Amino acid sequence: MMRVMATAVRVEAAVPGRRRAGTAEHPVDIGLEPGPHVLRSVIEAVVRAEVAEFRRRAEEQRFVRVLTEQALAEAVATGTVRFGDAERATEVDDEEAVAAALLAFEDGLFEVFVDEEPVAGLDEEIALTPSTKLLFLRLVPLAGG
């Protein structure tokens, strides 16, 4: 049985001009072997990994909330009790998320940089290594432009 070595890349999302938008750089195990891959497959792998992590966090939050009465009491005290959010969060469809991300790239809503180099098209080949850094830069249109 052959073992496939997965690549964990560093991913960062950013929105120019917004201090708080985006996320901090974080490692993502994208499940692709090191080596050449087309951008389309890398975006798909990142989206699937991020959706899985999103589901895991939502499930963990729901599980903890059910188990701890103290957490519920604290939420009531601060006025932040929410019901059903974690349930809806776990209903993300992988295929729709991947399709939306690919369409957004094609429509020019975000750019991808691999180790600080821009990638022009979905079929462009990029080399993945365990130290690869991906930046997803969301482009914000200028008002009136």
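Our structure is the block above this text.
Since the model is a prediction, treat every value here as computed from it, not as a measurement. The written sequence of each chain sets the order in which its residues are numbered from 1. At least 70 in pLDDT is required for a residue's local features to be given in this predicted model, at least 80 for side-chain atom pairs to be given and counted, and no such filter applies to totals for whole chains, interfaces and linings, which use all residues. As a rule here, side-chain values come from all non-hydrogen atoms in the structure, and water together with hydrogens is ignored.

J.: Just to check I follow, could you spell out the overall build of the protein chain for this structure?
T.: A run of H or I in DSSP counts as a helix once it spans at least four residues, and a run of E counts as a strand once it spans at least two, with each numbered from the N terminus. Summing up its helical and strand segments, the protein chain has four helices and seven strands in all. Along the protein chain, helices and strands appear, N-terminal first, in the series β-β-β-α-α-α-α-β-β-β-β. Residue contacts are counted whenever heavy atoms from the two residues lie within 4.5 Å of one another. By sequence separation, contacts in the protein chain at least 24 residues apart represent 67% of the contacts at least 6 residues apart. Only the protein chains shown count as cover for residues, and the accessible areas themselves come from Shrake-Rupley with a 1.4 Å probe. For the protein chain, the exposed area adds up to about 10000 Å²; of that, 56% sits on carbon and sulfur atoms.

J.: Is there a simple way to think about the pattern of salt bridges in this case?
T.: Here the idea is simple: oppositely charged side chains can pair when their charged atoms come close. For salt bridges, the criterion is a side-chain nitrogen of Lys or Arg within 4 Å of an Asp or Glu carboxyl oxygen. Taken as a whole, this structure holds seven salt bridges when the rule is applied. For Arg48, the salt bridge is made with Glu95, and the minimal N-O distance between the two is 2.7 Å. Linking Arg48 in helix H1 (residues 39–67) with Glu95 in helix H4 (residues 94–106), this pair joins segments that are 47 residues apart in sequence. We classify Arg48 as partly exposed; its relative accessible area is 25%. Take Glu95: its relative accessible area is 51%, and that puts it in the exposed class. Residues participating in the shared-partner salt-bridge network are Glu44, Arg48, Arg55, Asp94 and Glu95. For every residue, the accessible area (1.4 Å probe, protein chains only) is compared with the maximum for its type, and the residue is labelled buried under 20%, exposed over 50%, or partly exposed between those bounds.

J.: Sorry, what's going on with the side chain of Thr132 here?
T.: Here Thr132 shows up in the loop between strand S6 (125–128) and strand S7 (133–138). Thr132 gets classed as buried once you look at its relative accessible area, which sits at 0%. Among the polar contacts made by the side chain of Thr132, one reaches the main-chain amide nitrogen of Thr129 at a distance of 2.7 Å. Those residues within four positions of Thr132 in sequence are excluded, and the remaining contacts are Val9, Arg10, Val114, Asp115 and Ala127. We call two N or O atoms a polar contact when they sit within 3.5 Å, provided that within protein one can donate a hydrogen and the other can accept it, with sequence-adjacent residues counted only if both atoms are side-chain atoms.

J.: Help me understand the nonpolar core in this model?
T.: What makes a nonpolar core is a set of buried Ala, Val, Leu, Ile, Met, Phe, Trp, Tyr and Cys residues whose side-chain atoms join them at distances within 4.5 Å. Counting residues in each nonpolar core, the largest one holds 27 residues, and the members touching the most others are Ile30, Leu39, Ile43, Val112, Leu134 and Phe136. When contributions to this core are tallied by element, the ones reaching two or more residues are strand S1 (8–14), H1, H4, strand S4 (110–114), S6 and S7. When residues in this core are grouped by element, the largest group, eight residues, is from H1. With residues near it in sequence (within four places) discarded, Leu39 still touches Phe105, Val112, Val119, Gly121, Leu122, Glu124 and Ile126.

J.: How should I be thinking about the packing of aromatic side chains in this particular structure?
T.: Describing an aromatic ring pair means giving the distance of the ring centres and the angle of the ring planes. Aromatic contacts are taken between Phe, Tyr and Trp rings whose centres are within 6.5 Å, Trp giving its six-membered ring; a plane angle under 30 degrees counts as stacked, one over 60 as edge-to-face, and the others as tilted. Per the counting criterion, the structure on display carries two aromatic pairs. Seen in terms of ring centroids, Phe105 and Phe110 are 5.6 Å apart; in terms of plane orientation they differ by 65 degrees. Their pairing is edge-to-face. With a centroid separation of 5.8 Å and an interplanar angle of 40 degrees, the aromatic rings of Phe110 and Phe136 are classed as tilted. Residue Phe110 is found in strand S4, and its partner Phe136 is found in strand S7; the two are separated by 26 residues along the sequence. Grouping residues by exposure puts Phe110 and Phe136 together as buried. Each residue in the set Phe105, Phe110 and Phe136 is aromatic and connected to the rest through ring pairs, giving one cluster.

J.: Just to check I follow, could you spell out the pairing of S6 for this structure?
T.: Residues in a regular strand point their side chains to alternate faces of the sheet. Residues Ile126 and Leu128 of S6 are buried on one face, while the alternating residues Glu125 and Ala127, pointing to the opposite face, are not. Two strands form a pair only when DSSP identifies at least two bridges running between them. Bridge count between strand S3 (residues 35–38) and S6: four bridges; the pairing is antiparallel. For His37, the partnering residue across the bridge sits in S6 and is Ile126.

J.: What is the right way to look at unusual backbone geometry in this model?
T.: Leaving glycine aside, a negative phi is the common case for residues, and trans is the common case for peptide bonds. Even without being a glycine, Asp115 presents a positive backbone phi close to 50 degrees. Within the element layout of this structure, Asp115 appears in the loop between S4 and strand S5 (117–119). Its identity is not glycine, yet Glu116 carries a phi of approximately 75 degrees, on the positive side. Here Glu116 shows up in the loop between S4 and S5.

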